[in-house]
Amino acid sequence: MTTKGTPGRMVRIDDEVWTAYGQLCEAEGTSRADDIRRHVHSRVAAWRKQQARQSALQRRLDGLRDSES
């Protein structure tokens, strides 16, 4: 089941780990779904930040090369 129009995703995790993960999330006052979403959002935000840094560096290098010509 999905909420807010977001599609459901399937992941394969063995039962023992899934059960323990549920216990961990419950102890932290969150759900597995929310914890996974936050993890994915965090990873994507970090990746996007790195991509932006690399693009800015490339633009700067390209600008330096152009000014040397």
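Let me sum up the structure you'll find in this document. Bear in mind the structure is a predicted one, so any value in this text is a computation, not a measurement.

### Let's talk about the overall build of the chain
Looking only at helices and strands, one finds two helices and zero strands in the chain. Radius of gyration (C-alpha) of the chain: 20 Å, far over the 11 Å computed for a compact globule of 69 residues. For the chain, the spread of C-alpha atoms along the principal axes amounts to about 60 × 25 × 20 Å. Looking at the chain residue by residue over its 69 residues, the buried ones come to 7%. Surface accessibility of the chain: about 6,600 Å² in total, with carbon and sulfur atoms responsible for 53%. Looking at charge distribution, the chain has the averaged site of its 13 positive side-chain charges lying 7 Å from that of its 10 negative ones.

### Comments concerning the side chain of Thr30
Along the chain, the position of Thr30 falls in the loop between α1 (15-28) and α2 (32-68). Taking the relative accessible area as the measure of exposure, Thr30 reaches 19% and is therefore buried. Of the polar contacts made by the side chain of Thr30, one reaches the side chain of Arg38; its length is 3.1 Å. In this view, Thr30 contacts Cys25, Asp35 and Arg38; residues no more than four positions away in its chain are not counted.

Each value, and the rule that gives it
- Residues numbered from 1 in each chain as written.
- Predicted model: local features only at pLDDT ≥ 70, side-chain atom pairs only at ≥ 80, totals over all residues.
- Heavy atoms only, no water.
- Helix = DSSP H or I, 4+ residues; strand = E, 2+ residues; numbered from the N terminus.
- Rg over C-alpha atoms; globule rule 2.2 N^0.38 Å.
- Buried < 20%, exposed > 50% of the residue type's maximum accessible area, 1.4 Å probe, protein only.
- Areas by Shrake-Rupley, 256 points an atom, 1.4 Å probe, with all protein chains shown as cover.
- Lys, Arg positive; Asp, Glu negative; His and termini not counted.
- Charge placed at Lys NZ, Arg CZ, Asp CG, Glu CD.
- Polar contact = N/O pair within 3.5 Å; in protein donor to acceptor, adjacent residues only side chain to side chain.
- Contact = heavy atoms within 4.5 Å.

As far as function goes, none of this settles anything; it's purely spatial.
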